[in-house]
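# Structure assessment
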2 protein chains.
Amino acid sequence: MTLVKRLALIGTGLIGGSLALDWRAAGAVQEVAGWDASPVALEQALACGIISKKAAGPEEAAAGADLVLVAAPVKATCDLAARLGPKLKSGQVVTDVASVKAPVVAAWERYLPPGVEFVGGHPLAGSEKAGPRAARRGLFQGAAFVLTPARTASSRATGLVASLVRLAGANPVFLPAERHDALVAAVSHLPHLSAVALVNTAFELAGDALDLSAGGFADTTRIALGSPVMWRDICLTNRDAILDALDRFSRQMARVRALVAAGKAAELEELFAGARAIRSQLTGVKEETVCAFSPPANPMVRPS
Amino acid sequence: MTLVKRLALIGTGLIGGSLALDWRAAGAVQEVAGWDASPVALEQALACGIISKKAAGPEEAAAGADLVLVAAPVKATCDLAARLGPKLKSGQVVTDVASVKAPVVAAWERYLPPGVEFVGGHPLAGSEKAGPRAARRGLFQGAAFVLTPARTASSRATGLVASLVRLAGANPVFLPAERHDALVAAVSHLPHLSAVALVNTAFELAGDALDLSAGGFADTTRIALGSPVMWRDICLTNRDAILDALDRFSRQMARVRALVAAGKAAELEELFAGARAIRSQLTGVKEETVCAFSPPANPMVRPS
């Protein structure tokens, strides 16, 4: 069933590319006009069947599109709001996949003309790989996909994006942008920063003998393989939530240190058992337990 | 080729069980007399083909054995030195697999009679699973397997244990016990403690929404599923090296925090790129680069 006649894909990398592949394979999207800041990536996206035609810029890609998917790092996604937003036409829907949502939603709310709707998105899945050639169908299967609609988004727009998310095998989870940002600071940004510090600490202590490390270390630090530019932007745009998570983590580590220093056997065992119990609850995504609020059906917005 | 006519396996869980399975499959060990503090585990080990006969205690298992493998947590391995060590006979070789080596080597050096040799061991592989039923052939394939011989260990004893390590598909790496303990504090113990703190911080901030987390969080915190008793013992026995690693890590985290707080874009990007470069070097075990010293060929020890 066709949900989108023409998709504008702005940013043809791993995330945007994988979504386009899923949607084209499902027959939900007829045509994909793509643009990427990298001409090489754009050419690869055409060769991989991610897009059906290349555009000369984001404006050309977006012209006549029902849905504009901006699949770029946070900062680029915000910057594009000022450049592309004012040129969009009533009835078009814009969504994105950036890792931090409050500044993205604020930027697009500011620049979109009336009747153009914004539904922010963030798939909680991915890979340390990047680029169109890493894109694949099924990347989001079973993953949570947070949606943060703009205040003015209609149920038509949120429903369209949620349907597309489900077609990619993911579970749409509606959250306020600020709540999303606090959550990812805890479960994604803090773990990345601690992985970076772990790698540097281990290198400081072990040097070349780092190769001795077992699978535990490789798992724990895999996230440190992510794109430095993407993570830089995340730190710059989700600063306050990250600082809060860092400070809470620092207090947890101080408690651990005190128990180790004092050789508190029973307390250490209890600490480890407690963390194991929490971690072992991580069995998958439970959509119904995390819907902090429902998508708005805003009467101020032009009905479809 | 038979290397060991009779193996005493004291502790029939994941690590000891997997080694026994590998060695029996290779025909290197003829008979395995097993004992475990848990009668259930001992019965399972017999049913799984890990041992060929049950013993009523560590002394009975060790009687007449060429090689005694103690496969227990650190503290139990140290305690067994006092109980079993003095009863062993000249010509017997003892090895172990505990996660901290200096206290283990010291305990066995103290209690072994002349002519009984100790070669400490620690496979840098494993699983968050436990028990005889989790044991499997090939668990150590490609892993580093640190060996920390006692001062008095002969080349016959170190050679025997190194050959058995290779038969399990692992790479023997000879290290002084103290160097091993500093290394694992960095690449194993610190990552476990930070995973525990990450889980607790994320739970504090996200609560039930922890289920939203993506694969990155699951990977980063998998190590927190480990046995609370084993990790308690590690913290109690490798205290100083762990405190040093914790303090270095704390300084790394403070630096990260300062860069995030000040919004230092270029420095953050550089930090992430540096950690990624180090982490991407983790391609596998390079035996030749980490042999800090050679196994001793000690003339004071009875030749084979």
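The structure contained in this document is the topic of the report that follows. (Residues numbered from 1 in each chain as written. Chains lettered and ligands numbered in written order. Predicted model: local features only at pLDDT ≥ 70, side-chain atom pairs only at ≥ 80, totals over all residues. Heavy atoms only, no water.)

### Observations regarding helix 11 (residues 265–279) of chain A
All names here are of chain A. Taking 1.5 Å per residue as the helical rise, helix 11 with its 15 residues ought to reach 21 Å, and the 21 Å between its terminal C-alpha atoms agrees with that figure. Every buried residue belonging to helix 11 is among Leu268, Leu271, Phe272, Ala275, Ile278 and Arg279, and all of these are buried. End-on view of helix 11: buried residues confined to an arc of 125°, all on one side of the axis. In helix 11, the exposed residues that point more than 90 degrees away from the buried face are Ala266 and Glu270. (Helix = DSSP H or I, 4+ residues; strand = E, 2+ residues; numbered from the N terminus. Expected span 1.5 Å × (residues − 1). Buried < 20%, exposed > 50% of the residue type's maximum accessible area, 1.4 Å probe, protein only. Arc of directions from axis to C-beta.)

### Some remarks on the interface of chain A and chain B
Where interface size is given, it is often the accessible area lost as the parts come together that is meant. At the junction of the two partners, chain A supplies 86 residues and chain B supplies 86 residues. Note on chain A versus chain B: buried area summed over both sides is about 8100 Å², and carbon and sulfur give 70% of it. On the chain A side of the contact with chain B, Asp211(A), Leu212(A) and Arg279(A) bury the most area, a combined 10% of that side's loss. Linking chain A with chain B are eight salt bridges, by the criterion used here. Where Glu269(B) meets Arg232(A), a salt bridge forms, and the shortest distance between an N and an O atom there is 2.7 Å. Inspection of the chain A/chain B interface yields 18 residue pairs in polar contact (both at pLDDT 80 or more). Those elements giving two or more residues to the side of chain A that touches chain B turn out to be strand 7 (144–149), helix 7 (177–206), helix 8 (215–221), helix 9 (228–237), helix 10 (239–262) and helix 11 of chain A. Counting residues per element, the side of chain A that touches chain B draws most heavily on helix 7 of chain A, at 20 residues. Of the residues assigned to the side of chain A that touches chain B, the class counts are 53 nonpolar, 16 polar and 17 charged. (Contact = heavy atoms within 4.5 Å. Buried area = accessible area lost by both parts, 1.4 Å probe. Salt bridge = Lys/Arg side-chain N within 4 Å of Asp/Glu carboxyl O. Polar contact = N/O pair within 3.5 Å; in protein donor to acceptor, adjacent residues only side chain to side chain. Nonpolar A, V, L, I, M, F, W, Y, C, P; charged D, E, K, R; others polar.)

### Thoughts on the sheet that holds strand 4 (residues 67–70) of chain A
Residue and element names in this part refer to chain A. Taken together, the eight strands give an open sheet; going across it, the order is 3-2-1-4-5-6-7-8, and neighbouring strands pair in mixed fashion. Either end of the sheet is taken by a strand with one partner, and the two such strands are strand 3 (53–54) and strand 8 (171–174). On the sheet, helix 4 (residues 74–84) packs against strand 1 (4–10), strand 4 and strand 5 (93–96) and is oriented at approximately 140° with respect to strand 4. Sheet strands touched by helix 5 (residues 102–111): strand 4, strand 5, strand 6 (117–123) and strand 7. Its angle to strand 6, the strand with the most contacts, is close to 160°. (Pairing = 2+ DSSP bridges. Axes fitted to C-alpha atoms, helices over the stretch in contact; angles between N-to-C directions.)

### Thoughts on the relation of the copies chain A and chain B
When chain A is fitted to chain B, the residual RMSD is 0.0 Å, and the transformation amounts to a turn of 180° plus an axial shift of 0.0 Å. Classification of the inter-copy transformation places it as that of a two-fold axis. Measuring from the rotation axis to each C-alpha of chain A, the shortest distance belongs to Thr220(A), at 2.0 Å. Here 100% of the interface residues in chain A have copies in chain B that are interface residues too; the copies meet face to matching face. (Least-squares fit on C-alpha atoms with pLDDT ≥ 70 in both.)

### A few points about the sheet that holds strand 2 (residues 29–35) of chain B
Residues and elements named next belong to chain B. Spatially, eight strands are ordered 3-2-1-4-5-6-7-8 in an open sheet, and the strand pairing comes out mixed. Both outer strands of the open sheet, strand 3 (53–54) and strand 8 (171–174), are each paired with one neighbouring strand and no more. The pairing of strand 6 (residues 117–123) with strand 7 (residues 144–149) spans five bridges and is classified as antiparallel. Counted as the bridge partner of Pro123 is Phe145 from strand 7. Relative to strand 6, helix 5 (residues 102–111) is tilted by about 165°, and along the sheet it contacts strand 4 (67–70), strand 5 (93–96), strand 6 and strand 7.

### Here we look at the side chain of Asn200(B)
Along the chain, Asn200(B) falls in helix 7 (residues 177–206). Residues contacting Asn200(B), with those up to four places away along its chain left out, are Gln252(A), Leu271(A), Ala275(A) and Ile278(A).

### What to know about the pattern of salt bridges
Evaluation of the coordinates by the stated rule reveals 30 salt bridges over all chains. Among the salt bridges present, the one from Glu117(B) reaches Arg156(B), with a minimum N-O distance of 3.6 Å. With Glu117(B) in strand 6 and Arg156(B) in helix 6 (residues 155–167), this pair connects stretches of sequence that are 39 residues apart. Residue classification places Arg156(B) among the partly exposed residues on the basis of a relative accessible area of 26%. One connected set of salt bridges, linked through shared partners, spans Asp219(A), Arg222(A), Asp219(B) and Arg222(B).

### Comments concerning the environment of Ser227(A)
Residue and element names in this part refer to chain A. Tracing the sequence through the fold places Ser227 in the loop between helix 8 and helix 9. Under the relative-accessibility criterion, Ser227 is labelled partly exposed at 30%. Considering only alpha carbons, one finds Ser227 and Gln252, 25 residues apart in sequence, at a separation of 27 Å.

### Points about the packing of aromatic side chains
Residues and elements named next belong to chain A. Scanning all chains against the criterion turns up five aromatic pairs over all chains. Where Trp108 meets Phe118, the ring centres are 5.6 Å apart and the plane angle is 5°; that geometry is what we call stacked. In this pair, Trp108 sits in helix 5 while Phe118 sits in strand 6, placing the two residues ten residues apart along the sequence. On the basis of relative accessible area, Trp108 is assigned to the buried category, the value being 0%. For Phe118, a relative accessible area of 1% gives the class buried. (Phe/Tyr/Trp six-rings, centres within 6.5 Å; stacked < 30°, edge-to-face > 60°.)

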